[in-house]
Structure formats: structure tokens, C-alpha cells
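# Observations on the model geometry
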Amino acid sequence: MIEDKNPQRTSIENLGEFGLIDYLTKNVEITQDSTNKGIGDDAAVIKHTESTVVTTDMLVEGIHFDLSYVPLKHLGYKAVMVNLSDIYAMNAVATQITVSIAMSNRFPVEAVEELYDGIKLACKIYNVDLIGGDTTASQTGLVISVTAIGEQKADDIIYRSGAGDGDLLVVTGDVGAAYMGLQILEREKAVYKANPNSQPDIEAYSYLLERQLKPEARKDLAKLLSDLEVKPTSMIDLSDGLSSEIIHLCKHSEIGMKVYEEKIPLDPTVITACEEFNLDSTTIALSGGEDYEILFTVKQEDFPKIKANPSLSIIGHAVPQNEGIHLITRSGEQVAIKAMGWNSFKD
């Protein structure tokens with residue numbers, strides 16, 4: 001790939017805040033019937049016929065992402081996925097988002113446009129409307145705050161608090177890949193710092209890198225479960241790590257849980273990378289974050305409906321709260337599960 005040594009750089013100051021907003025949103029399309037008014041007024045107007053579901057997440061440079069190896073287009077896409085995942089974890093349909101960004105003057109207009117290209121691509125693929133937001137200056141770096149809005153019938157919204165004793169614990173997809181993708185990126189960054197002339201050899205890690213840089217929210221789950229005629233009793237998305245989310249679900253549902261090590265779904269590339277980094281794959285599966293899969297519980301009578309589905313793995317079952325939350329190892333040992341996932345306030 002030939003690098004442009006003189007990329008075009010247009011100062012944001014030349015456009016001003018309102019000019020920048022107009023520039024970034026000039027081709028935004030509205031596709032949702034519930035969007036009565038999008039960008040262009042003091043506030044957007046939406047009209048949902050069902051219950052409205054709202055979530056907000058913030059991504060901060062140096063805390064949640066490193067621009068030395070995260071492309072801005074991927075970052076914009078991921079910022080949307082982080083929020084849509086929470087909507088889907090409520091068994092709701094995502095309909096709109098707002099995006100607010102704060103950036104320092106080191107970012108030219110072209111860089112912000114690249115970020116918004118990722119945001120717009122996510123909106124197009126997941127059929128959500130970009131209906132507003134804000135831009136402002138930052139003295140430290142880039143901050144992205146996205147609010148996602150969705151809707152669902154009140155009776156069909158799934159909370160963290162509905163699981164009961166005996167319910168089966170199910171997870172979509174596989175876990176741990178995003179964390180190992182981050183380890184690859186951090187290693188290559190260190191190699192580059194030591195020798196800027198080195199060329200990274202990362203083709204073998206493409207799946208891990210994609211899971212870290214361009215995750216996909218589980219929009220498909222609601223239809224999958226509906227087709228199977230299965231209604232979860234509780235649900236949560238995997239953003240902070242499997243162990244943390246299991247504990248959240250158990251706390252809100254007032255239950256305990258037995259999770260079986262041999263049932264946790266791991267992609268073969270995760271196992272290989274863990275061996276390369278001398279890491280325990282089960283530990284990574286439990287503590288690694290940013291998978292954006294969905295963890296949920298179902299009644300035992302739904303077992304025949306989901307047992308053979310390749311997108312779903314039954315990894316445990318609920319027990320009375322006083323029995324605690326434990327991992328059953330391959331050797332049959334019972335180990336207490338502790339919250340080992342992502343904590344942005346931890347040094």
C-alpha cells in the first residue's frame with residue numbers, strides 16, 4: 001500500500017462548528033418511519049408506537065482506544081456497535097442514534113469525515129437513523145459519545161432481572177477474540193516502536209483483529225429466538241467480560257450460577273493466540289471484554305429448541321442464590337467466579 005506523504009488537511013477552524021456539522025451530515029439519509037424530524041432543528045422528533053429504549057456509551061482516547069493502530073473509520077463503526085449491542089440486549093429494535101464528539105485541533109476535517117464514514121456505514125448496515133448530536137473542542141484528544149434509541153413492546157423487553165433457578169445460561173457466538181486482538185495490536189505497536197522499519201505479519205490474526213477493531217452487534221438474535229419460539233428470561237450484552245456479566249445477571253436476578261469450562265465457546269484462533277502469549281484461554285474467555293455477544297437465560301423446557309443451534313452455546317445453569325457463582329473446571333473442580341472484566345477506573 002502506497003502511503004500519501006502529503007494528505008489533504010483542512011483545519012476545522014476554517015469551517016467552524018456549524019460548517020463542520022453541515023459538512024458531516026449533508027448526505028445523512030432517514031429510513032425509519034418513527035423519525036419525524038432528524039438533523040436540522042433544535043431537537044430531533046421521533047414517534048415510537050411501543051416502549052422506547054435508550055442507552056448511552058462514551059469512548060475516550062487513551063482509555064478506550066489508541067489511534068496509533070485504530071483506524072478512524074473502524075472507530076466510528078465500533079462506537080455505534082457498542083451502543084446498538086445494549087439495545088439488542090434488551091430484545092429491542094434499534095431505530096435512531098445521536099453522536100457527539102469532542103476533538104483537539106490536531107484533527108483535520110478529513111479525519112473527522114473518516115470517523116463519520118464509519119458511523120454512517122454502521123447506520124446503513126443496521127438500518128438506524130443518525131438524527132443529531134454535538135461537536136465541541138477538546139484539549140486532550142478525541143471523545144465520542146453515542147446515544148442509541150430503540151423500541152419494543154413492553155411485554156417483550158428482556159431485563160437482567162428475570163432469570164430463575166434452573167434456567168439455562170446461553171451465549172451467542174464465541175468469546176475472548178476481541179481481547180486477544182487487542183494483545184496482537186499492542187504487541188505490534190511495541191515492535192514498531194523498537195524498530196519502525198519492521199513490517200507487521202498479522203494475516204494469521206485477521207479474525208482476532210476484526211473482533212477488536214470492527215465488532216458486530218447481535219441484531220440477528222431477536223429474530224433467531226423468535227423463529228425458535230424461545231423467549232429469554234434475562235439478557236445482558238458482553239462488553240466488560242463474561243465473568244462480570246454473569247455476576248451482573250445473577251445479582252439482578254438474585255440467583256447463583258454454575259458455568260462449565262468445557263462449554264465456553266472459543267474460536268481456535270483464540271486458543272492458538274493464548275498459547276503464543278502464554279495465557280490461559282479460559283481466563284481470557286472470562287475476563288476479556290468487548291466481544292459484544294449476548295448472554296441470556298432460558299427456561300429448561302426450551303433446551304430442545306436451542307441445543308443444536310450453531311450460533312448458541314449453553315454454558316451453564318442457574319442455582320439458588322445461596323449456592324454462589326462458580327466455574328466447574330474440566331477436572332470437576334468448583335471455582336468461585338469473580339468480576340475480572342474491564343474497569344475503566346482501574347489503574
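In the block above lies the structure referred to throughout.
Definitions and cut-offs
Residues numbered from 1 in each chain as written. Predicted model: local features only at pLDDT ≥ 70, side-chain atom pairs only at ≥ 80, totals over all residues. Heavy atoms only, no water. Core = buried A, V, L, I, M, F, W, Y, C linked by side-chain atoms within 4.5 Å. Buried < 20%, exposed > 50% of the residue type's maximum accessible area, 1.4 Å probe, protein only. Contact = heavy atoms within 4.5 Å. Axes fitted to C-alpha atoms, helices over the stretch in contact; angles between N-to-C directions. Helix = DSSP H or I, 4+ residues; strand = E, 2+ residues; numbered from the N terminus. Left-handed = near helix turned anticlockwise from the far one by under 90°. Nonpolar A, V, L, I, M, F, W, Y, C, P; charged D, E, K, R; others polar. Pairing = 2+ DSSP bridges. Salt bridge = Lys/Arg side-chain N within 4 Å of Asp/Glu carboxyl O.

### Some remarks on the nonpolar core
Within the largest apolar cluster, 52 residues are counted, with the highest numbers of intra-cluster contacts made by L75, L84, I97, V99 and I144. Discounting chain neighbours no more than four positions away, the residues touching I144 are D57, M58, L59, L75, A79, V99, S100, I101 and L115. Listed in part, the 22 residues of the second largest apolar core include A163, L238, C250 and I255.

### Things to note about the packing of helix α2 (residues 72–88) against helix α3 (residues 109–126)
Two elements in contact, α2 and α3, have axes whose closest approach is 6 Å; the angle formed by their N-to-C orientations is 40°. At the point where α2 passes α3, the crossing takes the right-handed sense. Across the interface between the two elements, L72, K73, L75, G76, Y77, V80, M81, L84 and Y88 from α2 touch A111, E114, L115, D117, G118, I119, L121, A122, I125 and Y126 from α3. Per-class residue counts for the contact of α2 with α3 are 14 nonpolar, 2 polar and 3 charged.

### Notes on the sheet that holds strand β8 (residues 234–237)
Across the sheet, which stays open at both edges, the 7 strands sit in the order β8-β10-β7-β11-β9-β12-β13 with mixed pairing between neighbours. If you trace the sheet from one side to the other, it starts and ends with β8 and β13 (334–336), each paired once. Across this sheet, the average inter-strand angle for adjacent strands is 25°, counted without regard to direction. The pairing of β8 with strand β10 (residues 294–298) spans 4 bridges and is antiparallel. Looking across to β10, one finds that I236 is bridged to L295. Taken strand by strand, helix α6 (residues 221–228) contacts β7 (168–172), β8, β10 and β11 (312–319), and its axis lies near 75° from that of β11.

### Here's the deal with the pattern of salt bridges
Close approach of charged atoms allows side chains with opposite charge to pair. A full pass over the atoms with the stated rule returns 16 salt bridges. A salt bridge links E293 to R218; its shortest N-O distance comes to 2.8 Å. Taken together, the residues E293 in the loop between α9 (281–287) and β10 and R218 in the loop between α5 (206–213) and α6 connect sequence positions 75 residues apart. Taking the relative accessible area as the measure of exposure, R218 reaches 13% and is therefore buried.

It is worth stressing that arrangement in space is one thing and function is another; only the former is reported here.
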